[in-house]
2 protein chains.
Amino acid sequence: MNETRVIRIRESILAENSARALDLRERLSSHGVTLLNLMSSPGSGKTSLILRTIEALRDRYSIAVVEADIDSTVDADRIAAVGIPAVQIETGGFCHVEAAMMEAAVTGMDLDALDLIILENVGNLICTAQHDTGAHLCVAILSFPEGDDKPLKYPIMFRAADAVIVNKTDYGELAEFDLEAARRRIEVLNPGAPLIPLSCRTGAGVDAWIAWLEPWIRSSSPGACEPQA
Amino acid sequence: MNETRVIRIRESILAENSARALDLRERLSSHGVTLLNLMSSPGSGKTSLILRTIEALRDRYSIAVVEADIDSTVDADRIAAVGIPAVQIETGGFCHVEAAMMEAAVTGMDLDALDLIILENVGNLICTAQHDTGAHLCVAILSFPEGDDKPLKYPIMFRAADAVIVNKTDYGELAEFDLEAARRRIEVLNPGAPLIPLSCRTGAGVDAWIAWLEPWIRSSSPGACEPQA
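All figures in this text were calculated on a predicted structure; none of them were measured in a lab. (Residues numbered from 1 in each chain as written. Chains lettered and ligands numbered in written order. Predicted model: local features only at pLDDT ≥ 70, side-chain atom pairs only at ≥ 80, totals over all residues. Heavy atoms only, no water.)

> Before we go on, may I ask you to explain the overall build of chain A in this structure?
Each helix and strand in chain A was counted, giving 8 helices and 8 strands. Considering chain A as a whole, with its 229 residues, one finds that 61% of them fall into the buried category. For chain A, the proportion of contacts with a sequence separation of at least 24, taken over those separated by at least 6, is 77%. When the accessible surface of chain A is totalled, it reaches about 8,400 Å², and 50% of it is carbon and sulfur. (Helix = DSSP H or I, 4+ residues; strand = E, 2+ residues; numbered from the N terminus. Buried < 20%, exposed > 50% of the residue type's maximum accessible area, 1.4 Å probe, protein only. Contact = heavy atoms within 4.5 Å. Areas by Shrake-Rupley, 256 points an atom, 1.4 Å probe, with all protein chains shown as cover.)

Here it is in structure tokens:
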């Protein structure tokens, strides 16, 4: 068996948009608006979770959605189709959302009429977690087919999250996803962070997500987690 | 139905490591070494495909693997466990591999004794495709559970690939992945790029991948595709 040789490459400078993000967060708080930043790999179910969240909360809260993609309006169109205002950020080559992009996205929104803005970040398990968007809450989604080892390989994301959702539980044993192993790995990185297994396809577990989320709406206080270097 | 408002954010400057990548590519070619850059989202099956590729080709070619992760040696350890030399690049906060990292990774390798180096890039469907690593070939992996709409949302990757692998076909109908829709979407972005469906779990389709890859080994000529802006 060969030994693994390790080359460490010094971390690059991270975005210095923190002051701007702080301003945006305070501005939103002053209007009683909570900004939720949803992050995951491509295809983990961000849009599906937003649709489930809208379905559960739209009778009680006024919701808007900001969709970030490097290209296309596929997701924003899915949101707009259910009658919720959707703003599309086309990030061009950018792999993440920064505070300045969110400032642009909320321009023109009637903040006093809103309770919750959900940002669907770019599908990316790395860079998105490194940039403060001005959100009050950061939630990471992992899904059964991606594998339970992802917290080991993408620790930045799992440290940055206020809660971790494990989606696509309906894949069941076929996915060979060990929920307890994932839970232990996330607990090491982010002690006490709730892990919420659910299936956007079947709806199972969505209630627990809503029960976790709802107290944050209009609470005007940010979650405990911070963007990670 | 609400209309989707679109905000376009100008693309940032991309890495200027092209000259360095060109040098590395020429150097590898002069030693008869082909560098394959494997890219995908987290959990699409890069490591599993590398293990299948080693299994199929190790009797005929001398192979080394470079594993890039922001943290951990989980994947490199899986490769080393089957007796193939593995170099781990820890990118720190970097979400992609650049040519300078590959230069460091090949330092100390006996290039004259090697035929194929496989780079498992960081799990990221965006930034990885924007940076020339010095590879001769760029291959993208998409998997059934990620969904057939991903070429629409991550066009940069699918334009940059010499071939696209669709992994996890063993999930079958449960994944609701429309292979023909994916094929049409990729064809628009990257006319003529081969699409190779397979399952690393069952081994089905791996032969077609090997049949595509093998002529490139020792061919010393790069693939047609280029990193995309």
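Next, the rest of the story.
> What should I look at first to understand the packing of aromatic side chains in this one?
In this description, a pair of aromatic rings is defined by centroid distance and the angle of the planes. Going through the model one piece at a time under the given rule, you end up with 7 aromatic pairs over all chains. An angle of 10° between the planes, with centres 4.7 Å apart, marks the rings of F144 of chain A and F177 of chain A as stacked. One end of the pair, F144 of chain A, is in the loop between β6 (137-143) and α5 (150-153); the other, F177 of chain A, is in the loop between β7 (163-167) and α7 (179-189), with 33 residues separating them in the sequence. Pair check on accessibility: F144 of chain A and F177 of chain A agree, each one buried. With a centroid separation of 5.3 Å and 85° between ring planes, the pair formed by Y171 of chain A and Y171 of chain B is classed as edge-to-face. In this pair, Y171 of chain A is assigned in the loop between β7 and α7 and Y171 of chain B in the loop between β7 (163-167) and α7 (179-189), connecting two distinct chains. (Phe/Tyr/Trp six-rings, centres within 6.5 Å; stacked < 30°, edge-to-face > 60°.)

> Just to check I follow, could you spell out the interface of chain A and chain B for this structure?
One widely used convention gives an interface's size as the accessible area the parts lose upon coming together. Each partner contributes to the interface: chain A provides 67 residues, whereas chain B provides 67 residues. Summing both sides of the interface, chain A and chain B together bury roughly 5,300 Å²; the carbon and sulfur share of this comes to 57%. Our enumeration of links across chain A and chain B arrives at 4 salt bridges. Residue E176 of chain B pairs with R201 of chain A through a salt bridge whose shortest N-O separation is 2.9 Å. Those elements that provide at least two residues to the side of chain A that touches chain B are β1 (5-8), α3 (74-80), β4 (86-90), α4 (99-106), α5 and α6 (155-160) of chain A. Split into classes, the residues belonging to the side of chain A that touches chain B amount to 32 nonpolar, 16 polar and 19 charged. (Buried area = accessible area lost by both parts, 1.4 Å probe. Salt bridge = Lys/Arg side-chain N within 4 Å of Asp/Glu carboxyl O. Nonpolar A, V, L, I, M, F, W, Y, C, P; charged D, E, K, R; others polar.)

> Please clarify how the relation of the copies chain A and chain B should be interpreted in this entry.
Note: a rotation about an axis with an accompanying shift along it relates these two copies of the chain. Mapping chain A onto chain B is achieved by rotating through 180° and translating by 0.0 Å along the same axis, at an RMSD of 0.0 Å. Look at the turn and shift together and you get a two-fold axis relating the two. Both copies share a contact surface, since 100% of the interface residues of chain A are interface residues in chain B too. (Least-squares fit on C-alpha atoms with pLDDT ≥ 70 in both.)

> Just to check I follow, could you spell out the nonpolar core for this structure?
One broad trend across soluble globular proteins is that nonpolar side chains are buried collectively. M102 and I117 of chain A together with I117 of chain B are the most contacted members of the largest nonpolar core, which has 95 residues in total. Those residues in contact with I117 of chain B, other than ones at most four positions away along the chain, are L28, V33, T34, L35, L36, A64, V66, V106, M109 and L111 of chain B. (Core = buried A, V, L, I, M, F, W, Y, C linked by side-chain atoms within 4.5 Å.)

> I'm lost on the environment of T34 of chain B in this one. Help?
Residues and elements named next belong to chain B. In this structure, T34 sits in strand β2 (residues 34-40). Since its relative accessible area comes to 2%, T34 is described here as buried. Taking the C-alpha atoms as reference points, T34 and R218, separated by 184 residues in sequence, lie 5.9 Å from one another. Polar contacts involving the side chain of T34 include one to the main-chain carbonyl oxygen of W216, which spans 3.0 Å. (Polar contact = N/O pair within 3.5 Å; in protein donor to acceptor, adjacent residues only side chain to side chain.)

> Explain α7 of chain B to me, please; I cannot follow it from the model alone.
Working note: α-helix, 3.6 residues per turn, so residues spaced by three or four point in the same direction. Residues and elements named next belong to chain B. When we look at burial in α7, the residues that qualify are A181, A182, I186 and L189. Around the axis of α7, the buried residues are gathered within 130° of arc, so they sit on the same side. Exposed residues lying more than 90 degrees from the buried face of α7 are R184 and V188. For α7, the secondary structure elements touched by its buried residues are α5 (150-153), α6 (155-160), β7 and β8 (195-197). (Arc of directions from axis to C-beta.)

> Looking at this structure, how should I read the pattern of salt bridges?
Two side chains bearing opposite charge may form a pair once their charged atoms approach each other closely. All names here are of chain A. Counted by the stated rule, this structure contains 20 salt bridges over all chains. Where E103 meets R20, a salt bridge forms, and the shortest distance between an N and an O atom there is 3.1 Å. One end of the pair, E103, is in helix α4; the other, R20, is in helix α1 (residues 18-30), with 83 residues separating them in the sequence. Put simply, D170 and R201 hold a salt bridge, and the shortest N to O gap is 3.0 Å. Here the residue D170 occupies a position in the loop between β7 and α7, and R201 occupies one in the loop between β8 (195-197) and α8 (206-213), the gap between them amounting to 31 residues. On the basis of relative accessible area, D170 is assigned to the partly exposed category, the value being 24%.

> Mind showing me how you'd approach the pairing of strand β4 (residues 86-90) of chain B here?
Each regular strand carries side chains that alternate between the two faces of the sheet. All names here are of chain B. With 5 of 5 residues buried, β4 is to be regarded as a mostly interior element. In this structure, strand β3 (residues 63-69) lies alongside β4, joined through 5 bridges in parallel fashion. The residue bridging D69 from the neighbouring strand is E90, located in β4. Between β3 and its parallel partner β4, the chain crosses via helix α3 (residues 74-80), and the hand of that crossover is right-handed. (Pairing = 2+ DSSP bridges. Right-handed = clockwise from strand over helix to strand, strands pointing away.)

> Help me out: how do you make sense of the packing of helix α2 (residues 46-57) of chain A against α8 of chain A in this one?
Each pair of packed helices can be described by the angle between their axes along with the distance between the axes. All names here are of chain A. The contact between α2 and α8 brings their axes to 11 Å, and the two run at 70°. Regarding the angle of α2 to α8, the classification is roughly perpendicular. Here L49, R52, T53, A56 and L57 of α2 come into contact with α8, specifically with V206, W209, I210 and L213. Residues that form the contact of α2 with α8 fall into these classes: 7 nonpolar, 1 polar and 1 charged. (Axes fitted to C-alpha atoms, helices over the stretch in contact; angles between N-to-C directions. Parallel < 35°, antiparallel > 145°, perpendicular 65-115°, else oblique.)

> Just to check I follow, could you spell out the environment of P145 of chain A for this structure?
As for its placement among the helices and strands, P145 of chain A is situated in the loop between β6 and α5. A sequence separation of 78 residues divides P145 of chain A from G223 of chain A, and the C-alpha atoms of the two residues are 28 Å apart. Excluding residues that lie within four positions of it along the chain, P145 of chain A makes contacts with K168, Y171 and A175 of chain A together with G43, P145, K168 and Y171 of chain B.

> What is the right way to read the packing of helix α1 (residues 18-30) of chain B against helix α4 (residues 99-106) of chain B from this model?
Residue and element names in this part refer to chain B. As a packed pair, α1 and α4 sit with axes 8 Å apart at the nearest point and diverge in direction by 30°. The two elements α1 and α4 cross, and the hand of that crossing is left-handed. Packed against α1, whose contacting residues are R20, A21, L24 and R27, the element α4 presents A99, A100, M102, E103 and V106 at the interface. Considering only residue class, the contact of α1 with α4 consists of 6 nonpolar, no polar and 3 charged. (Left-handed = near helix turned anticlockwise from the far one by under 90°.)

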